[in-house]
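# Chain and residue survey
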Amino acid sequence: EDQVTQSPEALRLQEGESSSLNCSYTVSGLRGLFWYRQDPGKGPEFLFTLYSAGEEKEKERLKATLTKKESFLHITAPKPEDSATYLCAVRAGTASKLTFGTGTRLQVTL
Amino acid sequence: KAGVTQTPRYLIKTRGQQVTLSCSPISGHRSVSWYQQTPGQGLQFLFEYFSETQRNKGNFPGRFSGRQFSNSRSEMNVSTLELGDSALYLCASSLEPSGTDTQYFGPGTRLTVL
């Protein structure tokens, strides 16, 4: 069974204090690893897709990386508007469903 | 391009009733998936539809069902509601049900069962 574990569960940063969120996965035949951002009461917003180990993608203050066992979401010089829950999901084998981790709640304060 | 839309946004029902939720995918997207999100279990896959056919189903009881129409719009139905069905129900659409296509989510329908 596919498993996705995210850490930490919650993270509080000061504005400008860079950090990383972790997503470790156990799947058979990874087809893609997806990062989403979710604000309270809203649906997940797509951020990145990574397909193979060594791949990296960047968007503004966010950078996602992928190894054979885990993915990291690096947040550089975060701002309060980056506060949200960040979700990691995998798609594996022939299935098209996404298996999600439980997310990391990020709070960025002034 | 308009995103995924879901109606209604909020629903309050009582135990034993049934409910129907609607999802309109992004224009051109033909695959629709449904997820249930609760504080305790997180996001869990319910089912996926493509070309009006259910392709995959998650580990949920038969009270949860769905369908897809020829215009790719989808509905899900929950019969004999239980308190534990209270959740945010999310619809996601993608171009095709392939392993590499990105799923884009709607805002969700918040269902409260009293």
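Above this text sits the structure in question.
## Brief notes about the sheet that holds strand β3 (residues 19-26) of chain A
Residues and elements named next belong to chain A. With antiparallel pairing, the five strands of this open sheet are ordered in space as β1-β3-β8-β7-β6. With partners counted over all chains shown, the strands left at the sheet margins are β1 (3-7) and β6 (56-59), one partner each. Shown here is a sheet whose adjacent strand axes are inclined to one another by a mean of 15 degrees, direction ignored. Sheet topology places strand β7 (residues 62-66) next to strand β8 (residues 70-75); five bridges connect them, and they run antiparallel. Residue pairing for β8: Lys63 is matched across the bridge by His74.

## A few points about the sheet that holds strand β8 (residues 74-78) of chain B
Residues and elements named next belong to chain B. Ordered by their spatial adjacency, four strands build an open sheet running β1-β3-β8-β7, and the pairing between neighbours is antiparallel. A strand with exactly one partner marks an edge of an open sheet, and here the two such strands are β1 (5-7) and β7 (64-68). Direction aside, the axes of adjacent strands within the sheet are offset by 20 degrees on average. Two strands pair when backbone bridges link them, and strand β3 (residues 19-24) and β8 are joined in this way by five bridges, in the antiparallel orientation.

## Remarks on the layout of surface pockets
Remark: the empty space left among the atoms is shown by a probe the size of a water molecule rolled over them. Its volume calculated, the largest pocket comes out at about 520 Å³. As for the largest pocket, its lining consists of 23 residues, and the residues nearest its centre are A:Gln38, A:Thr85, A:Thr102, B:Gln37 and B:Pro39. Where the lining of the largest pocket is concerned, the elements lending two or more residues are β9 (84-92) and β11 (104-109) of chain A together with β4 (31-38) and β5 (42-50) of chain B. Here the lining of the largest pocket takes three residues from β9(A), the largest share from any one element. Partitioned by chemical class, the residues of the lining of the largest pocket number seven nonpolar, 11 polar and five charged. When its volume is computed, the second largest pocket comes out at roughly 450 Å³. Around the second largest pocket, the lining comprises 19 residues; the ones closest to its centre are A:Glu1, A:Thr99, A:Phe100, B:Leu43 and B:Gln44. Breaking the lining of the second largest pocket down by element, the ones donating at least two residues are β1 and β10 (99-100) of chain A together with β5 of chain B. With four residues, the top contributor of residues to the lining of the second largest pocket is β5(B). The residue makeup of the lining of the second largest pocket, split by class, is six nonpolar, 10 polar and three charged.

Calculation rules
Residues numbered from 1 in each chain as written. Chains lettered and ligands numbered in written order. Predicted model: local features only at pLDDT ≥ 70, side-chain atom pairs only at ≥ 80, totals over all residues. Heavy atoms only, no water. Pairing = 2+ DSSP bridges. Helix = DSSP H or I, 4+ residues; strand = E, 2+ residues; numbered from the N terminus. Axes fitted to C-alpha atoms, helices over the stretch in contact; angles between N-to-C directions. 1 Å grid on protein atoms, 1.4 Å probe; cavity = no way out; pocket = protein on both sides within 12 Å on 5 of 7 lines; lining within 4 Å. Points joined across faces, edges and corners; volume = space filled by probe spheres on them. Nonpolar A, V, L, I, M, F, W, Y, C, P; charged D, E, K, R; others polar.

Limitation: the analysis is restricted to geometry and does not speak to function.
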